[in-house]
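Tertiary structure, described
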Amino acid sequence: KNPAMSDIIQLLPDAIANQIAAGEVVQRPASALKEMLENAIDAGASKVQVIVKEAGKQLIQVIDNGRGMSATDARMSFERHATSKIRTSADLFAIRTFGFRGEALASIAAVAQVELKTRQADQELGTLIQIEGSEVKKQEPIATSPGTSVAMKNLFFNVPARRNFLKSNPVEMRHIVEEFQRVALSYSEIGFVLMQNDLEVFNLQPGKLSQRIVGLFGKNYQSNLVPCEELTPHLNVKGYIGKPECAKKTRGEQYFFVNNRYIKSNYLHHAVSTAFEGLIQNDQHPFYVLFLEIDPSHIDINVHPTKTEIKFEDERTVYAVIRSAVKQALGAHHVVPALDFSI
Ligand code: ADP
Ligand code: MG
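Residues numbered from 1 in each chain as written. Chains lettered and ligands numbered in written order. Predicted model: local features only at pLDDT ≥ 70, side-chain atom pairs only at ≥ 80, totals over all residues.

The cut-off we apply is this: UniProt positions are given in the numbering used here, feature names are shortened, and annotations may be inferred rather than shown by experiment.
As annotated in an unreviewed UniProt entry, the protein chain is DNA mismatch repair protein MutL from Algoriphagus hitonicola. Here is the UniProt Function (unreviewed entry) comment for the protein chain, exactly as written: "This protein is involved in the repair of mismatches in DNA. It is required for dam-dependent methyl-directed DNA mismatch repair. May act as a 'molecular matchmaker', a protein that promotes the formation of a stable complex between two or more DNA-binding proteins in an ATP-dependent manner without itself being part of a final effector complex." Within the UniProt record for the protein chain, the comment given under Sequence similarities (unreviewed entry) is "Belongs to the DNA mismatch repair MutL/HexB family."

1. Concerning the domain arrangement of the protein chain
Using the following cut-off: Note that the domain bounds reflect an automated or database-derived domain assignment. Residue pairs are scored as contacts if the distance between their C-beta atoms, which are placed from the backbone, is within 7 Å. The secondary structure listing takes helices from DSSP runs of H or I that are at least 4 residues long and strands from runs of E that are at least 2 residues long, numbered from the N terminus.
Per the domain assignment, the segments making up the protein chain are domain 1 (14–204) and domain 2 (219–332). The gap between the C-alpha centroids of domain 1 and domain 2 is 29 Å. Facing 14 residues of domain 1, the contacting portion of domain 2 comprises 12 residues. A total of 3 residues in the side of domain 1 that touches domain 2 trace back to one element, the largest contributor, which is helix α6 (residues 169–186).

2. A short note on the pairing of strand β9 (residues 225–231)
We apply this condition: Two strands pair under a simple rule: DSSP has to find at least two bridges between them.
Pairing between β9 and strand β10 (residues 235–242): 7 bridges, direction antiparallel. Looking at β10, one finds that Cys-228 is bridged to Gly-239. With antiparallel pairing between neighbouring strands as the criterion, β9 and β10 make up a hairpin whose turn holds 3 residues.

Written as structure tokens, this is what we have:
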């Protein structure tokens, strides 16, 4: 037999396939946190606690009081493409949960040491699973509170090249806080705690959006928030804009959520900025937290897990509705350009 003619293609072992997938899903500690927070929300939690050590390089633990998992599901949750959230391809076009790919836990467990504790409220005992680099080290029944705790330890312990590429602790921590803030903003009815190296960074009680904004960004926002709302047949816009005096030269406090999912869009940002024209300096950016509600069949979120872009069927209409909503809000609250007495 001619050796050059022999077959050489093989399927990759799961552990390697998972590690490759992890390269996409888990870029840094904050991306793992995002996945873990989204799982807690998908599980119907009303309280979520986040514990971070060494900017997530040593530990990120997310503890929720959601519905928990059975012992079998707990083990299944670490398999790739294993999800409870969609069943058919038709479900892909009406996604109502954050997750649907079934990739996050498999990816995280491929590049970290993970300890999962979970219990369903009607069960006496829960399940403990320890898994490292996709290898299950332990699975046993355990007494634990209802809900789920996922602890991700020593991220990239088995991929030194990627561990070395992590940024300094302050930079990685900033990404973690940003991720936490986005999720906490979009679920003000859920209580969130963030602990960093045993210090409490945030302790947010469930409440209204305005209270959540104040809890996250400070008391000076209390009197500076202008409600913003516009309801149309295709699209609802709701939320708050900051009065012009909240505008800052640095960007960062601009938030769009589409069906409660944080998105970035320079195009839609422009819609808000132009509505503020004449009210703030050209080099300043207004504060806003705007929630767009739109029929899921008119958007495509089925892009990359770490991407925050989104495709709208009719982007121009979205732009026009946002701009008009902001203009109206500013008008209704008599926020008009200050008269210039210097001339
Ligand atoms: P996805 O969220 O896309 O389904 P994940 O890998 O993030 O994929 O999670 C796999 C499955 O594990 C989920 O579909 C869910 O059933 C279960 N799961 C993960 N995290 C939790 C949690 N905190 N509480 C309850 N179930 C969870
Ligand atoms: Mg998920």
